[in-house]
Amino acid sequence: EYAKQLEKDVAARTAQLRESEHKYKTLVEDISDGYLMLHKDEIAFVNPAFYRMHGYEERDTIEKPFLSFVAKESHERVKKIITREVKNDPEPEAFEYLRLTKDGKCLPTEINFRPSRFEGHEYTLCILRDITKRVELEKRSRKIERMAYIGQLTTSLSHEIRNPLSSVKM
């Protein structure tokens, strides 16, 4: 009876473990943000969104230096983050950098990172978000604001010119 109870317990826990593993895989593999785990400066794990964002296959990313996926302009800043040369805040802030795609494009990306330990090793967990659309919208917004300012300036200027002309005309 004890053996049967143990078998039931093992079967129940195995089912729980499978369900937990399925939830993990769904969470990590189906999110649209890139997720990666760095060991020192090399990529130890990536989700499908990461290699789609960069235009690579998974096999082309594992054990490669993360900086090979970062545009030259952002190397120093990203390097300081992944080598932990920044202060160890309890809540590290997300920051923007330019990612480098396989076809050579440099696209704005937001990275959020957190130092972690796994199986006795130091890792950096990162979540990447493509912010290309947001950056384009911000540029358009600034352009619209400048145009509105020019419109106000033109209205004010025409008013200043029209007033003396009305006096002269009278």
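First things first, this report covers the structure right here in the doc. Because the structure is a prediction, the values reported are computed rather than measured. (Residues numbered from 1 in each chain as written. Predicted model: local features only at pLDDT ≥ 70, side-chain atom pairs only at ≥ 80, totals over all residues. Heavy atoms only, no water.)

### Some details on the overall build of the chain
From N to C terminus, the chain includes four helices and five strands. The N-to-C order of helical and strand elements in the chain reads α-β-β-α-α-β-β-β-α. Taken over C-alpha atoms, the radius of gyration comes to 27 Å for the chain, far larger than the 15 Å a tight globule of 170 residues would show. Projected onto the principal axes, the alpha-carbon positions of the chain cover approximately 115 × 40 × 35 Å. Within the chain, the proportion of its 170 residues that are buried is 26%. Taking the contacts inside the chain whose residues are at least 6 apart along the sequence as the reference set, 41% of them involve residues at least 24 apart. Within the structure as shown, the chain displays about 12,900 Å² of accessible surface, and the carbon and sulfur contribution to it stands at 54%. Here the chain contributes 31 positive and 30 negative side-chain charges, whose respective centroids are spaced 6 Å apart. (Helix = DSSP H or I, 4+ residues; strand = E, 2+ residues; numbered from the N terminus. Rg over C-alpha atoms; globule rule 2.2 N^0.38 Å. Buried < 20%, exposed > 50% of the residue type's maximum accessible area, 1.4 Å probe, protein only. Contact = heavy atoms within 4.5 Å. Areas by Shrake-Rupley, 256 points an atom, 1.4 Å probe, with all protein chains shown as cover. Lys, Arg positive; Asp, Glu negative; His and termini not counted. Charge placed at Lys NZ, Arg CZ, Asp CG, Glu CD.)

### Topic: the packing of aromatic side chains
Tallied over the entire structure, the rule returns seven aromatic pairs. Aromatic pair F95 and F113: ring centres 6.4 Å apart, planes at 70 degrees, arrangement edge-to-face. Pair noted here: F95 is in strand β3 (residues 95-100) and F113 is in strand β4 (residues 106-118), with a separation of 18 residues, a long-range link. Taken together, a centroid distance of 6.2 Å and an interplanar angle of 65 degrees make the contact between F118 and Y123 edge-to-face. (Phe/Tyr/Trp six-rings, centres within 6.5 Å; stacked < 30°, edge-to-face > 60°.)

### As for the sheet that holds strand β1 (residues 34-39)
Taken in spatial order, the five strands of this open sheet run β2-β1-β5-β4-β3, and their pairing is antiparallel. Two strands lie at the open edges of the sheet, namely β2 (42-46) and β3, each paired on one side alone. Across the sheet, the mean angle separating the axes of adjacent strands is 40 degrees when strand polarity is ignored. As paired strands, β1 and β2 are joined by four bridges and run antiparallel to one another. Of the residues in β2, the one forming a bridge with M37 is F45. Along the sheet face, helix α4 (residues 132-169) touches β3, β4 and β5 (121-130) and points at about 135 degrees away from the line of β4. (Pairing = 2+ DSSP bridges. Axes fitted to C-alpha atoms, helices over the stretch in contact; angles between N-to-C directions.)

### What about the environment of K133?
Among the structural elements, K133 can be located in helix α4. Between the C-alpha atoms of K133 and R114, which are 19 residues apart in sequence, the distance is 25 Å.

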